[in-house]
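Read off the chains here:
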Amino acid sequence: MNTGKPLIGILTNLLAVETGIFSGAERIYVNRDYVDSVLRAGATPLLLPIIADQEAIFQQMSACDALIFSGGQDVHPHHYNEEPSHFLEAVCYERDLYEMAALRFAIQQKMAIFGICRGLQLMNVAFGGTLYQDIAKQIPEGSLAHSQKARKDEITHAVDLADESWLQRIFKKKTLMTNSFHHQAIKDLAPEFRAIAWAKDGIIEAIEKNDDSCVVAVQWHPEMMTEKHSDMHLLFCAFVDEVKQRNKKATKKVEVYAHE
Ligand code: MN
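Everything numeric here is computed off the predicted structure, so don't read it as measured data. (Residues numbered from 1 in each chain as written. Predicted model: local features only at pLDDT ≥ 70, side-chain atom pairs only at ≥ 80, totals over all residues. Heavy atoms only, no water.)

**Here we look at the overall build of the chain**
Looking only at helices and strands, one finds seven helices and 13 strands in the chain. Against the 2.2 N^0.38 benchmark of 18 Å for 260 residues, the chain shows a C-alpha radius of gyration of 18 Å, consistent with a compact globule. Oriented by its inertia axes, the alpha-carbon framework of the chain measures out at about 60 × 50 × 35 Å. When burial is assessed residue by residue, the chain has 50% of its 260 residues classed as buried. Long-range contacts, defined here as pairs at least 24 residues apart, represent 68% of the contacts in the chain between residues at least 6 apart. On the chain, roughly 13,000 Å² of surface is accessible, and the fraction owed to carbon and sulfur atoms is 53%. (Helix = DSSP H or I, 4+ residues; strand = E, 2+ residues; numbered from the N terminus. Rg over C-alpha atoms; globule rule 2.2 N^0.38 Å. Buried < 20%, exposed > 50% of the residue type's maximum accessible area, 1.4 Å probe, protein only. Contact = heavy atoms within 4.5 Å. Areas by Shrake-Rupley, 256 points an atom, 1.4 Å probe, with all protein chains shown as cover.)

Shown next as structure tokens:
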């Protein structure tokens with residue numbers, strides 16, 4: 001059955017069970033907000049577990065129309081040629097490797113990709129960029145509080161949008177209000193990306209790839225806001241719409257080939 005709804009793969013995380021009879025077991029999970037936001041935007045979510053087998057990763061990617069790289073641990077600094085500082089938080093090397101392989105396959109297949117929080121950082125590092133291991137430590141003067149204490153759907157700071165960017169086309173305004181749950185940020189931007197949003201302290205809050213692919217990422221957590229903030233719901237709708245347009249083009253091409 002073809003529902004016409006894009007199938008959006010959501011990359012997941014690992015959680016070690018610490019107590020009870022299953023102590024030591026690892027669970028595969030993602031916050032439900034990702035699933036709900038994709039559903040709310042009219043697409044079908046599919047959770048993708050962290051695996052190592054390259055052929056299986058390729059098969060995962062081939063099954064999906066688009067990907068969402070979710071939030072989570074710090075990217076291991078070895079991926080950008082740094083040693084861990086005292087301020088580095090939890091890392092998951094296995095997840096880093098899985099996501100970098102998934103990203104490579106997805107880019108090869110010209111899939112639409114949406115990175116969120118860690119997703120943005122992972123994408124930047126995978127393409128040769130670097131990160132601040134800790135904003136408060138490395139930019140003590142002048143940086144804002146990017147690790148908010150307020151609940152997940154509260155607004156923390158403003159984000160200025162670049163002209164002629166994917167975000168500006170969606171929102172048709174210059175400033176957006178976002179939540180903020182990150183202690184790391186982009187330091188050197190990977191050459192294949194451009195910054196399309198900044199907090200008032202200059203921290204990069206969104207990026208897009210420098211070509212006609214739909215490879216975009218934001219540093220905040222829009223999925224935690226879609227229920228109460230219509231602009232963040234609009235962001236997911238815009239991504240899903242983009243995926244639909246690209247699917248249509250791809251189908252047309254297949255039809256053309258079939259007629260030749
Ligand atoms: Mn922020």
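Still more ground to cover, so stick around.
**Some words on the coordination of the manganese ion**
Looking at the metal site, the manganese ion is ligated by H146 (ND1), H157 (NE2), S180 (OG), H182 (NE2) and E205 (OE), spaced 2.2 to 2.3 Å from it. Within one chain, the residues serving as donors to the manganese ion are arranged as H-x10-H-x22-S-x1-H-x22-E. Here the two residues S180 and H182 agree in accessibility, since each one is buried. (Donors = N, O, S within 2.8 Å, 3.2 Å for Na, K, Ca; no water.)

**Section: the side chain of H182**
If you trace the backbone, H182 turns up in the loop between strand 9 (175-178) and strand 10 (185-186). On the accessibility criterion, H182 (3% relative accessible area) is buried. A polar atom in the side chain of H182 sits 3.1 Å from the side chain of H146. (Polar contact = N/O pair within 3.5 Å; in protein donor to acceptor, adjacent residues only side chain to side chain.)

**Some details on unusual backbone geometry**
Positioned with a positive phi, C117 is a non-glycine residue whose angle comes to about 55 degrees. Among the secondary structure elements, C117 is positioned in the loop between strand 6 (112-116) and helix 4 (118-126). Even without being glycine, K172 reaches a positive phi, approximately 50 degrees. By the element assignment, K172 lies in the loop between helix 6 (166-171) and strand 9. When its relative accessible area of 68% is taken as the criterion, K172 is described as exposed.

**Some remarks on the sheet that holds strand 8 (residues 157-161)**
With respect to topology, nine strands assemble into an open sheet ordered 4-1-5-6-13-12-11-8-9, the strand pairing being mixed. One side of each edge strand has no neighbouring strand; the edge strands of this open sheet are strand 4 (44-48) and strand 9. Neighbour-to-neighbour, the strand axes of this sheet turn through a mean angle of 25 degrees, independent of strand direction. Note: strand 8 against strand 9, four bridges, orientation antiparallel. Paired with V159 across the bridge in strand 9 is L176. The strands touched by helix 3 (residues 93-108) are strand 1 (7-11), strand 4, strand 5 (66-69), strand 6, strand 12 (204-209) and strand 13 (215-218); relative to strand 5, the strand with the most contacts, the crossing angle is about 150 degrees. Of the strands in this sheet, strand 5, strand 6, strand 11 (193-198), strand 12 and strand 13 are in contact with helix 4, which crosses strand 6 at around 115 degrees. (Pairing = 2+ DSSP bridges. Axes fitted to C-alpha atoms, helices over the stretch in contact; angles between N-to-C directions.)

**Focus: the side chain of H221**
As for its position among the elements, H221 is in the loop between strand 13 and helix 7 (230-259). In this structure the side chain of H221 is engaged in a polar contact, spanning 2.8 Å, whose partner is the side chain of E223. Those residues within four positions of H221 in sequence are excluded, and the remaining contacts are Y34, G71, I116, C117, N179 and F181.

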